[in-house]
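The chain contents come next:
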Amino acid sequence: MQNYGPELDKRTRWYRKGSVAFADSWRVDETYIRVGGRWCYLYRAVTKDGRTLDFYMSTRRNTTAATRFLGKALRSTGHRVRNGEEPSGPRVICTDKAPTYAAAIKELIDEHKLSRTVVHRQVKHLNNVIEGDHGRLKRILGSKGGGFKNPVSAYRTLQGMEAMHALRKGQGRVFAFGCPNPDAVIVAKAFTGA
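Parameters and conventions
- What you see as residue numbers is a count from 1 along each chain, following the sequence as written.
- This being a predicted model, a pLDDT of at least 70 is required before a residue's local features are given, and a value of 80 or more before pairs of side-chain atoms are given or counted; all residues contribute to the totals for chains, interfaces and linings.
- Based on all heavy atoms of the structure, the side-chain values leave hydrogens and waters out of the count.
- Helix and strand labels come from DSSP, where a helix needs a run of H or I of at least four residues and a strand needs a run of E of at least two; each type is numbered from the N terminus.
- The cut-offs for exposure are 20% and 50% of the maximum accessible area for each residue type, with area from a 1.4 Å probe on protein chains only; residues under the lower value are buried, those over the upper are exposed, and the others partly exposed.
- We define a polar contact as two N or O atoms separated by no more than 3.5 Å, with the added condition that, inside protein, one atom must be a possible hydrogen donor and the other a possible acceptor, whereas residues neighbouring each other in sequence contribute only through side-chain atom pairs.
- Working rule for contacts: check all heavy atoms of both residues, and any pair within 4.5 Å makes them a contact.
- Grouping buried Ala, Val, Leu, Ile, Met, Phe, Trp, Tyr and Cys residues that are joined through side-chain atoms within 4.5 Å yields what is termed a nonpolar core.
- By the convention used here, strands pair only if DSSP detects at least 2 bridges between them.
- Between N-to-C directions, angles cover 0 to 180 degrees, with each direction set by a line fitted to C-alpha atoms, over the stretch in contact for helices.
- Orientation is classified from the angle alone, with under 35 degrees giving roughly parallel, over 145 giving roughly antiparallel, 65 to 115 giving roughly perpendicular, and any other angle giving oblique.
- Handedness of each helix crossing follows the sense of rotation of the near helix against the far helix: counterclockwise by less than a right angle gives left-handed, clockwise gives right-handed.

As annotated in an unreviewed UniProt entry, the protein chain carries the name IS6 family transposase and is attributed to Corynebacterium variabile.

K.L.:
Please explain the side chain of Thr31 as it appears in this structure.
P.N.:
Within the fold, Thr31 resides in strand β1 (residues 25-35). Judged by its relative accessible area of 10%, Thr31 is buried. In terms of polar contacts, Thr31 uses its side chain to reach the side chain of Lys138, at 3.4 Å. Residue contacts for Thr31: discarding those within four places in its chain leaves Cys40, Tyr41, Leu42, His134 and Lys138.

K.L.:
Please explain the nonpolar core as it appears in this structure.
P.N.:
Side chains of a nonpolar character, in soluble globular proteins, are inclined to be buried together. With 23 residues, the main nonpolar core has Trp26, Val28, Tyr43, Phe69, Leu70, Ile105 and Leu114 as its most contacted residues. Going through the elements one at a time, β1, β2 (38-47), β3 (52-58), α2 (63-76) and α3 (99-110) are the ones with two or more residues in this core. The dominant element in this core, judged by the number of residues it contributes, is α2, at six residues. Apart from residues no more than four positions distant in its own chain, Leu114 is found in contact with Leu74, Pro87, Ser88, Gly89, Pro90, Ile93, Ile105, Leu108 and Ile109. Counting twelve residues, the second-largest nonpolar core is a separate cluster that includes Leu42, Leu141, Leu158 and Met161.

K.L.:
Where do I start with the pairing of β3 in this structure?
P.N.:
Side-chain positions along a regular strand alternate between the two faces of the sheet. Among the seven residues in β3, seven count as buried, and that is most of the element. Of the pairings in the sheet, the one linking β2 to β3 comprises six bridges and is antiparallel in character. Paired with Val46 across the bridge in β3 is Thr52.

K.L.:
Would you mind showing me how to read the pairing of β2 here?
P.N.:
The buried fraction of β2 amounts to eight of the ten residues, a majority that puts the element mostly inside the structure. Of the strand pairs in this sheet, β1 and β2 are connected by ten bridges, and their pairing is antiparallel. Residue pairing for β2: Ile33 is matched across the bridge by Cys40. The loop that links β1 with its antiparallel partner β2 comprises two residues; one of these, Gly36, has a positive phi angle of about 60°.

K.L.:
Would you take a moment to explain the packing of α2 against α3 for this structure?
P.N.:
Each pair of packed helices can be described by the angle between their axes along with the distance between the axes. Where α2 meets α3, the closest approach of the two axes is 8 Å, and the angle between their N-to-C directions is 55°. In terms of orientation, α2 lies oblique with respect to α3. Helix-helix and strand crossings are classified by hand; for α2 and α3 the assignment is right-handed. Residues Thr63, Ala66, Thr67, Leu70, Gly71 and Leu74 of α2 form the contact with α3, whose participating residues are Thr100, Tyr101, Ala103, Ala104, Ile105, Glu107 and Leu108.

Rendered as structure tokens:
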């Protein structure tokens, strides 16, 4: 999986990206996974209807990690700042009450990477969508939270898992319209060019 995960992520990103490119309401949260006998943080973002935006793994839960993750999510969803233009991004970002997210959002606004009009909501029940999505991922990882040997193998494996998880949720379904297993059809298209 470590060899195929990054390749699967790269080849299916185009199919998955179309369904989240204009998502204006994000749900952001982090969960724990076990890496090399230590607990690490897996930051994840989904749309309000559960489509996967991006993920980021960090050994720390601080403002720097949250800023890196949100910046990565903005870039991967196509929210790039062009010269002289107002930065784009989601209209709303919903998080839990962790102070790191508020500081990260403020930092991205100050760096002109995120629009000044973004609304940061810290309402617990709005993040039920991502909490449920964490649960699905945890079931795949098992009771030990993954038990990965090192961060590199964990990240590579998670790239493939997140890509397939997004496809199973129906992201990219339009490219395999009418097929009983659209995720399998998209993977076959990505790897065979059919």
